[in-house]
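One-letter residues, chain by chain:
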Amino acid sequence: MKFSPNIRPDKIPSFDRGTFMANFHGMEDLATELAQSFLNNLPTYVADIEAAFDSRSFRLLEIASHRLKGSVSNFHAESAREKAYRIETLSIESQIDLAAIELTIAELKVELKRLESDLRVEIETKWAL
Amino acid sequence: MSEKRILIVDDSSFDRELLVKALARKGGFTALEAESGDHCLEILERESVDLILMDVLMPGTIGTSTLAKIRENYNPIELPIIMVTSKSQVTDIVEAMQAGANDYITKPVNFDVALSRIATHLTLAALSKEMSRMKELTALNAMITTYNHEINTPLTTALACLGPGLVRDEAAVARLSRSLWRIADIVKKIREVTDKKEIEYGTYVGETKLVKI
């Protein structure tokens, strides 16, 4: 992915707030409740992926990354979704590339941190910004 | 449609929670939850469900294998199943449709699209059930007409033969015997018709149907 020289990658929004909120039109309170629920679940999502990778259980890694992919996609968090999808596809290849998976997990965790930070701001401001 | 019960099958507790709450809020549905294919099958054994939303990929059982097991007991009209997939699972979608899924929606789930698809399949199911009920009524009415027509005539004859002084008349006794045997024969044939899977109809008078026996 190419970025404009004037825009740092970490300044790109971690999720598509407009599309997410369009789905929750008139249900902002539910959006807040679910964002909080997602944040509560996030450590488990990451732990499941790391445990599956550490034990080289690639079927479990496929399932864990698929599950996270589905959940972050609800927020239209494209970058995190793409990283989770990459782990999912890497875990079902005939020749497992451990280094590539490890690197992608690290990248995914960065994206999830950004998403977590952005969602916390939205929860605190009740999507008012 | 507030009385309708939707079973949401997904291994992700967050994704289940999202669908349960959004469908309840926007569609007024009552949602049940299952965390796996096996859990889904357990719930179906004890709960009444109008429609299932099922994730394609879950641990333990793949959604499509659960789908195939459900279809052993419920046809797509009795229990519509909408698969929930990611956009990248084209092969899974085809497999699921072949295994008996009624439809699919993609993640991230757009609530308006999901509600529209759910409403469509619930309406189709309701219409189909109504048609089945109408067919049953038609069959029942035809059966009653058949009984009435086929039995009434010989029975009237038999009763006439039993009039005062007539039972000593040999010809009358013979007619009485034939009539009663005719009634017995018709009853036997009607019993055979009820054992058939398909009922053939004839026309009695006007639009009134008659079961062919």
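The paragraphs below set out a description of the structure included in this document. (Residues numbered from 1 in each chain as written. Chains lettered and ligands numbered in written order. Predicted model: local features only at pLDDT ≥ 70, side-chain atom pairs only at ≥ 80, totals over all residues. Heavy atoms only, no water.)

A separate point is the nonpolar core. Counting residues in each nonpolar core, the largest one holds 57 residues, and the members touching the most others are Phe24(A), Phe38(A), Leu119(A), Leu53(B) and Ile118(B). Beyond its immediate stretch of four places on either side in the chain, Phe24(A) contacts Leu30(A), Ala31(A), Leu34(A), Leu18(B) and Phe111(B). The next biggest cluster of nonpolar side chains, apart from the first, holds 18 residues, and it includes Leu7(B), Ala34(B), Cys40(B) and Ile70(B). (Core = buried A, V, L, I, M, F, W, Y, C linked by side-chain atoms within 4.5 Å. Buried < 20%, exposed > 50% of the residue type's maximum accessible area, 1.4 Å probe, protein only. Contact = heavy atoms within 4.5 Å.)

Residues and elements named next belong to chain A. Following the sequence through the fold, Thr104 ends up in helix 5 (residues 98-125). Residue Thr104 is classed as buried on the basis of its relative accessible area of 3%. Apart from residues no more than four positions distant in its own chain, Thr104 is found in contact with Lys83, Arg86, Ile87 and Leu90. (Helix = DSSP H or I, 4+ residues; strand = E, 2+ residues; numbered from the N terminus.)

On to helix 1 (residues 13-27) of chain B. Residues and elements named next belong to chain B. Compared with an ideal rise of 1.5 Å per residue, which puts 15 residues at 21 Å, helix 1 spans 20 Å between its outermost C-alpha atoms and is within 8% of the ideal. Listing the buried residues of helix 1 in full gives Phe14, Asp15, Arg16, Glu17, Leu18, Leu19, Val20, Ala22 and Leu23. Gly28 occupies a position one or two residues after helix 1 and carries a positive phi of about 70 degrees. (Expected span 1.5 Å × (residues − 1).)

Our next topic: the pairing of strand 4 (residues 81-86) of chain B. Residue and element names in this part refer to chain B. A large share of strand 4 lies buried, amounting to six of its six residues. Both faces of strand 4 are covered, namely the face carrying Ile81, Met83 and Thr85 and the face carrying Ile82, Val84 and Ser86. Where strand 3 (residues 51-55) and strand 4 come together, four bridges link them in parallel fashion. Bridge pairing in strand 4 links Leu53 to Ile82. (Pairing = 2+ DSSP bridges.)

This paragraph deals with the packing of aromatic side chains. Residues and elements named next belong to chain A. Using the criterion set out here, one finds 10 aromatic pairs over all chains in the structure. Taken together, a centroid distance of 6.4 Å and an interplanar angle of 85 degrees make the contact between Phe15 and Trp127 edge-to-face. Highlighted residues: Phe15 in the segment before helix 1 (17-23) and Trp127 in the segment after helix 5, separated in sequence by 112 residues. The residues Phe15 and Trp127 share a single accessibility class, namely buried. Ring centres of Phe38 and Tyr45 lie 6.0 Å apart, and the angle between their planes is 40 degrees; on these two criteria the pair is classed as tilted. Residue Phe38 is classed as buried on the basis of its relative accessible area of 0%. (Phe/Tyr/Trp six-rings, centres within 6.5 Å; stacked < 30°, edge-to-face > 60°.)

The next thing to look at is the interface of chain A and chain B. It is common to report an interface's size as the accessible area lost on association of the parts. Tallying the contact residues gives 26 residues for chain A and 24 residues for chain B. Of the roughly 2100 Å² buried between chain A and chain B, counting both surfaces, carbon and sulfur atoms make up 56%. On the chain A side of the contact with chain B, Asn23(A), His66(A) and Asn74(A) bury the most area, a combined 25% of that side's loss. Taken together, the links from chain A to chain B amount to three salt bridges. Between Arg67(A) and Asp11(B) there is a salt bridge, with the nearest N and O atoms lying 2.4 Å from each other. Taken together, chain A and chain B are joined by 11 residue pairs in polar contact (both at pLDDT 80 or more). Counting only elements with at least two residues in the side of chain A that touches chain B, the list comes to helix 2 (28-54), helix 3 (58-73) and helix 4 (78-90) of chain A. Ranked by residues supplied to the side of chain A that touches chain B, first place goes to helix 3 of chain A with nine residues. Classifying every residue of the side of chain A that touches chain B gives nine nonpolar, 10 polar and seven charged. (Buried area = accessible area lost by both parts, 1.4 Å probe. Salt bridge = Lys/Arg side-chain N within 4 Å of Asp/Glu carboxyl O. Polar contact = N/O pair within 3.5 Å; in protein donor to acceptor, adjacent residues only side chain to side chain. Nonpolar A, V, L, I, M, F, W, Y, C, P; charged D, E, K, R; others polar.)

These figures come from the coordinates and say nothing about function on their own.
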